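Coordinate inspection notes
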Amino acid sequence: MASPAVTGVKCGECKFQAMKCFRKLTPSEIAFMRSFKVGEAQFKRGKDILREGEKYPEIYSVLSGFAIKYKTLEDGRRQIVNYVFPGDLIGLQGSLLDKMHHGVEALSDVLLCKLSKKKFWDMNRELPELGYDVSWLAAQENAILAEFLLSAGQRSASERIAYLIQVLFERARIAGVLKGKTLTMPVTQEHFADTIGFSLVHTNKCIARLKRIGVFSWKGNELVIQDPSKLQDITGPITAIHTPRPFL
Amino acid sequence: MQNAKTGEAVFEAGSTIMEEDAASPFVFTILSGWAMRTRTLENGCRQVLNFMLPGDLIGLQAATIGQMLHSVEALTQVTACAIPMQNFWQLFREQEGLAQDVAAISELEKATMDELLVSSGQRSVSERICFILLYLFERAGLSGLVEDDELHLPFGQDVLADTIGISLVHTNKTLSKLRRSGLFSWTGRSFRMRNKAAMEQIVGQRPFIYAGRPFV
C-alpha cells in the first residue's frame, strides 16, 4: 500500500508549471490547487496503485514515474489499455462512476498528488477552466484508446509495436522524461505483448525483427528510436497527441 | 440548457455528422437514432470505435482539443440537439454540475473503449461477437429500444467485422455458428436475443452498462 512519504511539492513550485508542453495554471488556479491537494503518496515499482472494482476517496495526479492501466479477464488474461505518464490524472472512475473499471499498477516507483474528491465539485463550480481541463485530458485519452483500438483491429503485430513505441516516446517527450533520444522506462516485452494483444513469443519475434532492421534499440530499460522516419513509414505519424496539455 | 441549444439537427442515415481532423461549430446530444465513431487508416481499413445512441454526446474532442480525432457517421436518421460551441463553454462556466456530468460521460466512454480493447486484444472471435452484441443489447435497452428481446440493429455484418477487427468472411462464419447454437437470431436488421445467460457465459462477464449515466 501507499506509504505516507510526502516530499511536499508546493503547487506554486510544481515542475509542470515550467514545462513547455503544459498549460500554465493561473495564480487563482494555483491558490485553489493548494486546498485541492490533500497530500502525496508513493508507490514502489510493481505495486497496485488502484484496483479494478474499488472506489477511492481521492483523485490522483502523477508527479513522477510510470504506470500501466489494465483490465483482467476471469481466466487471468490481461489487457493493458494505456500507459500513465507524469502529469496524468488517474482514478476519476473511482469517484465519478460506481467504481474503478481498470486497475493501475506502478511500472516504476511512482509519486502521486492526492486531490480531494469533495473539492472536485468546488473546482467545477469555482474554476470551470479546470473542469474543462479534466474533459480535455479525458478527450486526449479517448483519442489514444481509439488509436490502440485501431491498432488492435486493423494493424499487423509489427505495425502495432511500431505505433506503441511512437506513442510512448511522444508522451515521454511531452512529460519531459525523454533524455535526448533515450527513453528510460521499465517496460518489458511482456507489457508490449499484453498491450498489442499478441503472444509473448510472437511479440518477441517482431520486436527482434524491428531491432534488426535498425528501427529502434532496446537494452534493459533503455529504448532508443534509431530511425524515426522508418517508424513513421510503418504506421504513419502520430496525430492523436496534442499540446499544450493541461495538468492538475 | 433551454437557451443554450439553438435547435435540432437532423442527419440522414449514412451521412457524416463529424469529420476526422475537422473542427465543429456544434456539440450534439443524440435525441434519436444510432451513429458510430470510426477511424480509418490510409490504406482504407476502417475501425469502428464505438456506437452512439440517444443520450450520447458528440464532439467533445472538438470542444476541448479543438478538432475531431475520429469521424462520426449516422447509421440511421439521427436527430440531435445542437449546442453551439460557444454556448457549450458558457454552460461549463454557468451551469453547476455540467462539468461533472461531462467528466462522467467521458469516463463512461473510456470504460467502454477499454472493454472493446480487451476484446480485440484478448478475446476469441466468438467471444468478441458475443461481447459486442450483449453490450449493444444492454445499451440499447437503456434507451428503450429493446422490445420483447428484439432490437432493430441498424447495420450489417461488415460494420460488425470492422468493430471486432476480424475479416468479414471469418465474422460471417462465426456468426452463423453462434446463431445455429441458439444464442440469438439476426436476420436483416432484426436482432433477437435467445439465450442471454449463455452469451454471458461465453464472454465471462456482463458488459459494463451504467444505468445512472448523466446526459447533457
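My aim in this report is to walk through the structure given alongside it, one point at a time. Only a predicted model underlies this, so the values are computations on that prediction, with no experimental measurement involved.

What follows is about the overall build of chain A. What chain A contains, in helices and strands, is eight helices and twelve strands. The C-alpha radius of gyration computed for chain A amounts to 18 Å, which stays within 12% of the reference 18 Å derived for 248 residues, consistent with globular compactness. Considered along the principal axes of its C-alpha atoms, chain A spans approximately 50 × 40 × 30 Å. The burial tally for chain A puts 60% of its 248 residues in the buried class. Sequence separation of at least 24 residues holds for 74% of the intrachain contacts in chain A that already meet a minimum separation of 6. Approximately 9,900 Å² of chain A is accessible, and the part contributed by carbon and sulfur atoms is 53%. Mean positive and mean negative side-chain charge positions of chain A (35 and 26 charges, respectively) differ by 4 Å.

Here we come to the overall build of chain B. Counting its secondary structure elements, chain B contains seven helices and twelve strands. Relative to the compact-globule value of 17 Å for 216 residues, chain B shows a C-alpha radius of gyration of 18 Å, a close match. Across its three principal directions, the C-alpha atoms of chain B cover 55 × 40 × 30 Å. A buried classification covers 60% of the 216 residues belonging to chain B. Entry remark: accessible area of chain B is about 8,600 Å², with carbon and sulfur atoms responsible for 46%.

With that settled, consider the pattern of salt bridges. Pairs can form between side chains of opposite charge whenever their charged atoms are close. The tally for this structure, following the rule as stated, stands at 26 salt bridges over all chains. Close ionic contact of Arg-23 of chain A with Asp-133 of chain A constitutes a salt bridge, the shortest N to O distance being 2.5 Å. Taken as a pair, Arg-23 of chain A in the segment before helix H1 (27-36) and Asp-133 of chain A in helix H4 (residues 128-154) lie far apart in primary sequence, 110 residues in all. According to the relative accessible area criterion, Arg-23 of chain A is partly exposed, its value standing at 26%. With a relative accessible area of 8%, Asp-133 of chain A lands in the buried category. Here Lys-44 of chain A and Asp-109 of chain A are joined by a salt bridge, their closest N and O atoms 3.6 Å apart. On the criterion of sequence distance, the pair formed by Lys-44 of chain A in the loop between strand S1 (37-43) and strand S2 (48-50) and Asp-109 of chain A in the loop between strand S7 (103-106) and strand S8 (110-116) is long-range, its members being 65 residues apart. Taking the relative accessible area as the measure of exposure, Lys-44 of chain A reaches 55% and is therefore exposed. For Asp-109 of chain A, a relative accessible area of 40% puts it in the partly exposed group. The network of salt bridges with shared partners includes Lys-69 and Glu-141 of chain A together with Glu-107 and Lys-110 of chain B.

Residue and element names in this part refer to chain A. Overall, antiparallel pairing links the four strands, which are arranged S1-S8-S3-S6 in an open sheet. With one partner strand each, in any of the chains shown, S1 and strand S6 (89-90) form the two edges of the open sheet. Where strand S3 (residues 58-64) and S8 come together, six bridges link them in antiparallel fashion. Across the sheet, the residue bridging to Val-62 is Leu-112, located in S8.

Counted under the stated rule, the structure contains six cavities of 30 Å³ or more. Each pocket or cavity is described by its volume, and for the largest cavity that value is around 340 Å³. In this structure, the largest cavity is lined by 29 residues; those nearest its centre are Asp-88, Leu-89, Leu-137, Glu-141 and Arg-171 of chain A. At the level of elements, strand S5 (78-84), S6, helix H2 (92-96), H4 and helix H5 (157-175) of chain A together with helix H3 (98-122) of chain B are the ones that each hand at least two residues to the lining of the largest cavity. With seven residues, the single largest contributor to the lining of the largest cavity is H4 of chain A. Roughly 200 Å³ of internal volume is contained in the second largest cavity. Leu-108, Thr-112, Tyr-135, Arg-139 and Arg-213 of chain B are the residues nearest the centre of the second largest cavity, which is lined by 16 residues in total. At the level of secondary structure, the elements contributing two or more residues to the lining of the second largest cavity comprise strand S5 (46-52), H3 and helix H4 (125-142) of chain B. Per-element accounting of the lining of the second largest cavity gives the leading share, four residues, to H3 of chain B. Of the residues belonging to the lining of the second largest cavity, the class tally is ten nonpolar, two polar and four charged.

Facing the 46 residues of chain A at the interface are 49 residues of chain B. Of the roughly 4,600 Å² buried between chain A and chain B on both sides combined, carbon and sulfur atoms contribute 63%. Looking only at chain A, the three residues that lose the most surface to chain B are Tyr-132, Leu-149 and Gln-154 of chain A, adding up to 16% of its buried area. Taken together, the connections running from chain A to chain B amount to four salt bridges. Linking Lys-110 of chain B and Glu-141 of chain A is a salt bridge whose minimum nitrogen-to-oxygen distance equals 2.7 Å. Taken together, the links from chain A to chain B amount to 14 residue pairs in polar contact (both at pLDDT 80 or more). Only S5, H2, helix H3 (117-126) and H4 of chain A provide two or more residues apiece to the side of chain A that touches chain B. Here the residues of the side of chain A that touches chain B are counted per class, giving 21 nonpolar, 14 polar and eleven charged.

Turning to the sheet that holds strand S6 (residues 57-58) of chain B, a few remarks are in order. All names here are of chain B. Read from one edge of the open sheet, four strands run S1-S8-S3-S6, paired in antiparallel fashion. Pairing within the sheet leaves two strands with one partner each, and these edge strands are strand S1 (7-11) and S6. Pairing of S1 with strand S8 (residues 78-84), which is carried by five bridges, proceeds in the antiparallel orientation. Following the sheet pairing, Phe-11 is matched in S8 by Val-78. Sheet strands touched by helix H2 (residues 85-94): strand S3 (26-32), S6 and S8. Its angle to S8, the strand with the most contacts, is close to 70 degrees.

The rules we used
Residues numbered from 1 in each chain as written. Chains lettered and ligands numbered in written order. Predicted model: local features only at pLDDT ≥ 70, side-chain atom pairs only at ≥ 80, totals over all residues. Heavy atoms only, no water. Helix = DSSP H or I, 4+ residues; strand = E, 2+ residues; numbered from the N terminus. Rg over C-alpha atoms; globule rule 2.2 N^0.38 Å. Buried < 20%, exposed > 50% of the residue type's maximum accessible area, 1.4 Å probe, protein only. Contact = heavy atoms within 4.5 Å. Areas by Shrake-Rupley, 256 points an atom, 1.4 Å probe, with all protein chains shown as cover. Lys, Arg positive; Asp, Glu negative; His and termini not counted. Charge placed at Lys NZ, Arg CZ, Asp CG, Glu CD. Salt bridge = Lys/Arg side-chain N within 4 Å of Asp/Glu carboxyl O. Pairing = 2+ DSSP bridges. 1 Å grid on protein atoms, 1.4 Å probe; cavity = no way out; pocket = protein on both sides within 12 Å on 5 of 7 lines; lining within 4 Å. Points joined across faces, edges and corners; volume = space filled by probe spheres on them. Nonpolar A, V, L, I, M, F, W, Y, C, P; charged D, E, K, R; others polar. Buried area = accessible area lost by both parts, 1.4 Å probe. Polar contact = N/O pair within 3.5 Å; in protein donor to acceptor, adjacent residues only side chain to side chain. Axes fitted to C-alpha atoms, helices over the stretch in contact; angles between N-to-C directions.

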